[in-house]
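Chain by chain, the residues:
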Protein chains: 2
Amino acid sequence: MTKERPLILITNDDGVLAKGINELIVCLRDLGDIIVFAPDGPRSGMASAITSLVPIKYTLLKEEEGLTIYSCSGTPVDCIKLSINEILDRKPDLLVSGINHGGNMAICVNYSGTMGAAAEGCIFDVPSIGVSLLDHAADADFSESCRLARMLARRVLKEGLPHGIYLNLNVPKTSHVLGLKVCRQADGRWIKEFKRSEDASGNPVYWLTGEFKSNQPIHPDNDMLALNSGYASLVPCKIDVTDYDFISTLNNWKL
Amino acid sequence: MTKERPLILITNDDGVLAKGINELIVCLRDLGDIIVFAPDGPRSGMASAITSLVPIKYTLLKEEEGLTIYSCSGTPVDCIKLSINEILDRKPDLLVSGINHGGNMAICVNYSGTMGAAAEGCIFDVPSIGVSLLDHAADADFSESCRLARMLARRVLKEGLPHGIYLNLNVPKTSHVLGLKVCRQADGRWIKEFKRSEDASGNPVYWLTGEFKSNQPIHPDNDMLALNSGYASLVPCKIDVTDYDFISTLNNWKL
């Protein structure tokens, strides 16, 4: 009896046609059987959004030895839910989401569809990794990201991940990454978030934009600093958002 | 010099016309000046999604002494970002998101637009509360929810909340809530998540549905158990999703 090849589920939030996901497929191809189940177009900033008001659909795009590719009308999280509930005949051994065109460090993890999909895989107890490159260009160079994603994917296939924990890998825009640092999520938020413009009738409309601002104090082991220094960052993230330390304070409020 | 009245920002994910938000407005009205900035229609399950591919707009619906109501074309998080960046002349003293038609306990916090908005308020360092009633009915009875939301809002206006922490209040569907328990987020996930149907051409489409399944072990202080016992649940949630305990393990992987 031969050991089954690992089943690797791949998705993203830039859509199935993006360069990042297609480079990821190539670099993970020999690690297992690949199922790609990804949005049919861009879904950036969708976080863990789910589609409940309209139904979703999927389409088989490609089927060959060890590689099957589907596109889906839903969000990244819909992709994970639908593929695991309805398509796959067994639970994947690994989920890799990405490679995202653009960084998902710091507070971006809160808004990211790439990381929403990784969190969803984790909820299904599938070892899950989100991978992002700090370059929004459609033709970005993913070679260093692919090298690190592959290295991490192999390791996670071997080690697994504990219940409720998923990984957030970010890669700086450089042709030579200095190394990989395990980090905490940088504390900060976006500011100057809107560009005011006008629609065809002259009514004001607002386009999301903005810049990242760190909060004080700045912890030396945060992902933003690692990336700014030329390192890739790896943050272990958890599904449970309970703040256990604050429970006793709330109990003292005697509500 | 008279002390300024508190500025209270209210939003939701069921849209500005929902019963839940309108009952909330009434019950918080005398606690401060109220700004409502809420989606123009249902945005359930939008989590912390942001709108980046299209611009967003808002409309002033009502302006009277101590109460101003806007509707917005965006997500619940867009509503918080746009109102604080572009509309309000000072930072709110409190954000209350809800009252949601439907519970947001356990893993629902991950998908909820109600809680996405509360998290976003927290990112702006506004003391923020999400409030949800475990009743999806359009004409649900919000009297107990309003009583508890008002009690909690008064207390949070007085005490504030620490940086990075927001509150998740859920209220059971009953005419007499037994009390309020401070809880941890129940560990579990949704299963049987899709109903397969057909579109007009006979092609398969999938509607999101499902039921909640608890993971083992079940912790006695979780929000799901409190709600099932007739208590309201209050979970302190954190923005930082770093799993600090797992950092040393990852460092030992020597990646």
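Here the structure is shown first, and the text comes after it.
Every residue gets a number counted from 1 within its own chain, in the order that chain's sequence is written. Chain letters and ligand numbers both follow the written order, the letters beginning at A and the numbers at 1. Only residues with pLDDT of 70 or above have their local features reported here, since the model is predicted, and side-chain atom pairs are shown and tallied only from 80 upward, although totals for entire chains, interfaces and linings are computed over all residues. The basis for the side-chain values is all heavy atoms of the structure; hydrogens and waters are excluded.

Caption draft 1: Highlighting the relation of the copies chain B and chain A. By a simple turn and slide, chain B fits onto chain A: the slide is 0.0 Å along the axis, the RMSD is 0.0 Å, and the turn is 180°. In symmetry terms, the pair is related by a two-fold rotation axis. Any two residues whose heavy atoms approach within 4.5 Å are treated as being in contact. The share of interface residues of chain B whose copies in chain A are also at the interface is 100%, consistent with both copies meeting through the same surface. The fit set for superposing copies consists of C-alpha atoms from residues with pLDDT of at least 70 in both; the fit itself is least squares.

Caption draft 2: Inspection of the pairing of strand S2 (residues 33-39) of chain B at higher detail. Residue and element names in this part refer to chain B. Here the term buried applies to any residue with accessible area under 20% of the maximum for its type, exposed to any over 50%, and partly exposed to those in between, with areas from a 1.4 Å probe on protein chains only. A helix here means a DSSP run of H or I that spans at least four residues, while a strand means a run of E at least two residues long, and both kinds are numbered starting from the N terminus. For S2, a buried count of six out of seven residues is recorded, marking the element as mostly surrounded by other parts of the structure. Inspection of the sheet shows strand S1 (residues 7-11) paired to S2 by four bridges, in the parallel sense. Residue pairing for S2: Leu-9 is matched across the bridge by Ile-35. Handedness of a crossover: with both strands directed away from the viewer, a clockwise path from the first strand across the helix to the second marks it as right-handed. Considered for its hand, the β-α-β crossover made up of S1, helix H1 (residues 19-28) and S2 is right-handed. Between any two strands, pairing holds if DSSP finds at least two bridges. As defined by bridge partners, S2 adjoins strand S4 (residues 67-72) across six bridges and the pair is classed as parallel. Paired with Pro-39 across the bridge in S4 is Cys-72.

Caption draft 3: A look at the pairing of strand S4 (residues 67-72) of chain A. Residues and elements named next belong to chain A. Burial analysis of S4 places six of its six residues in the buried class, which makes it a mostly covered element. On S4, burial covers both faces: Leu-67, Ile-69 and Ser-71 on one face and Thr-68, Tyr-70 and Cys-72 on the other are all buried. Relative to S4, strand S3 (residues 58-64) is paired through six bridges, and the arrangement is antiparallel. By the bridge assignment for S4, Thr-59 is matched with Ser-71.

Caption draft 4: Structural detail: the side chain of Ser-83 of chain B. All names here are of chain B. Mapped onto the secondary structure, Ser-83 falls in helix H2 (residues 76-87). A polar contact is formed between the side chain of Ser-83 and the backbone oxygen of Ile-80, at a distance of 3.2 Å. Discounting chain neighbours no more than four positions away, the residues touching Ser-83 are Leu-9, Phe-37 and Leu-88. Polar contacts, as used here, are pairs of N or O atoms within 3.5 Å; protein pairs need one atom able to donate a hydrogen and one able to accept it. Residues neighboring in sequence count only if both atoms are side-chain atoms.

Function-wise, these values are silent; they only describe arrangement.
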